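Listed below are the residues making up each chain.
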Amino acid sequence: MSARAEVVVITGASAGVGRAVAHAFAKRGAQVGLLARDRRKLDATQREVESLGGRAIAIQTDVADFEQVEAAAEAVEAQLGPIDVWVNDAMATIFARFVDIEPEEFKRATEVTYLGAVHGTMAALRRMVPRNRGVVVQVGSALAYRAIPLQSAYCGAKFAMRGFTDSVRTELLHDGSDVWITMVQLPALNTPQFGWCRTKLPNHPQPVPPIYQPEVAADAVYWAAHQRRREIDVGLSSVKAIVGNKIAPRFADWYLARTGFKSQQIEDMPVERPAGNLFDPVPEGSTHGIFDAQARTRSYQLWATTHRPLLAAAAAGLAGAVAGVTRVVRG
């Protein structure tokens with residue numbers, strides 16, 4: 001009797017990282033519940049998943065509404081079976097100085113990016129904890145540790161997601177549960193969000209280089225879903241931001257105050273759609289954004305992170321070889 005195909009739920013699955021994550025699971029034959037607001041983009045993602053060897057159902061869902069998330073979880077289990085992995089990726093944001101953001105804009109970005117992850121985790125754990133198995137993957141960011149200007153809503157949501165995740169993890173450990181919760185901290189990525197987000201900047205938003213393709217993030221999410229790692233950092237830039245902020249946060253404040261405004265805008269490229277998708281989805285969708293020419297397709301840091309036993313064995317072998325040569329020379 002063949003093993004049951006893995007059942008996965010992905011929020012924010014219609015574009016960017018979520019869509020790339022759906023592809024990654026589909027290539028391994030998973031059954032995927034795709035959650036997002038826009039029906040057309042969801043249907044396109046569903047076709048891609050099935051063309052890659054997976055099975056998918058598309059469920060139009062606004063993750064800011066818990067009842068919609070709970071209903072989606074019920075539908076996935078009814079059609080695909082018990083959920084093994086839940087990936088919280090949905091996000092919405094606004095690029096602007098904090099003083100230029102309206103309360104309802106900040107609230108909406110927080111409800112989608114932070115509370116969306118809370119709602120997804122609630123729905124997942126309601127099913128996983130009684131079965132004593134399952135994994136929740138929070139798609140985070142280096143900005144969960146080091147906030148930057150012009151992204152106060154997004155940074156605040158990612159900080160909150162990290163704190164919430166740590167709290168839930170300790171509760172699961174206290175209970176001796178086999179359910180696992182992990183977080184993947186991502187670098188700057190070439191996703192469509194920079195063309196979709198609400199913005200009040202004079203020029204088109206861009207990720208702070210170096211930029212990686214969404215498939216790098218997807219590989220990390222897939223790997224994290226099948227390991228017992230507390231947290232995964234992706235890209236050397238993420239490691240530098242996280243560690244650097246721990247060592248010298250005041251210097252990071254000064255540096256970002258000087259460079260953070262210019263580095264997040266494309267010079268002489270006016271914004272075409274300032275309203276963005278904060279409250280309503282936009283019709284077009286894809287995995288990649290407009291930065292393909294600059295984006296890196298691999299991360300050597302991520303490879304090292306996911307191949308620690310191999311590196312440890314190689315280091316031990318090298319140390320043994322050096323010791324052997326030293327003994328010969330001394331002899």
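So, here is what we can say about the structure in this document. (Residues numbered from 1 in each chain as written. Predicted model: local features only at pLDDT ≥ 70, side-chain atom pairs only at ≥ 80, totals over all residues. Heavy atoms only, no water.)

**Remarks on the side chain of Thr191**
Following the sequence through the fold, Thr191 ends up in the loop between strand S8 (188-189) and helix H6 (193-196). When residues no more than four places from it in sequence are discounted, the contact partners of Thr191 are Gly16, Val17, Pro214, Thr287, His288 and Gly289. (Helix = DSSP H or I, 4+ residues; strand = E, 2+ residues; numbered from the N terminus. Contact = heavy atoms within 4.5 Å.)

**Topic: the environment of Ala188**
Mapping Ala188 onto the fold places it in strand S8. Along the chain, Ala188 and Gly235 lie 47 residues apart, while their C-alpha atoms are 8.9 Å from each other. Those residues within four positions of Ala188 in sequence are excluded, and the remaining contacts are Pro207, Val208, Pro210, Ile211 and Tyr212.

**Section: the sheet that holds strand S12 (residues 231-233)**
An order of S3-S2-S1-S4-S6-S7-S12 is seen for the seven strands of this open sheet, with the pairing classed as parallel. Looking at strand neighbours, the two that pair on one side only are strand S3 (55-60) and S12, the edges of this open sheet. The mean angle between the axes of side-by-side strands here comes to 15°, regardless of whether they run parallel or antiparallel. Where strand S4 (residues 85-88) and strand S6 (residues 135-141) come together, four bridges link them in parallel fashion. Across the sheet, residue Val87 finds its bridge partner in S6, namely Val137. Sheet strands in contact with helix H3 (residues 66-79) are strand S1 (7-11), strand S2 (31-36), S3 and S4, and its direction is about 155° off that of S3. (Pairing = 2+ DSSP bridges. Axes fitted to C-alpha atoms, helices over the stretch in contact; angles between N-to-C directions.)

**Digging into the packing of aromatic side chains**
In the structure shown here, the tally under the stated rule is seven aromatic pairs. Centroid distance Tyr114 to Phe164: 6.3 Å. Interplanar angle 80°. Geometry classified as edge-to-face. Taken as a pair, Tyr114 in helix H4 (residues 103-131) and Phe164 in helix H5 (residues 152-174) lie far apart in primary sequence, 50 residues in all. Linked through ring pairs, Phe95, Phe194 and Phe291 together constitute an aromatic cluster. Taking NZ or CZ as reference, Arg28 lies 4.0 Å from the ring centre of Tyr222, over its face. Here the guanidinium or amino end of Lys41 rests over the ring plane of Trp196, the centre of that ring lying 5.0 Å away. (Phe/Tyr/Trp six-rings, centres within 6.5 Å; stacked < 30°, edge-to-face > 60°. Lys NZ or Arg CZ within 6 Å of the ring centre and 35° of its normal.)

**Some remarks on the pairing of S4**
Of the two faces of S4, both are covered, the one formed by Val85 and Val87 as well as the one formed by Trp86 and Asn88. The pairing of S1 with S4 spans three bridges and is parallel. Note on S4: the bridge partner recorded for Ile10 is Val87. (Buried < 20%, exposed > 50% of the residue type's maximum accessible area, 1.4 Å probe, protein only.)

**Observations regarding unusual backbone geometry**
The residue after Pro209, namely Pro210, is reached through a cis peptide bond having omega 0°. Looking at where Pro210 falls in the secondary structure, it is placed in the loop between strand S10 (203-205) and strand S11 (211-212). A positive phi angle is found at Asn132, which is not glycine, with a value near 60°. Summarising the element assignment, Asn132 is placed in the loop between H4 and S6.

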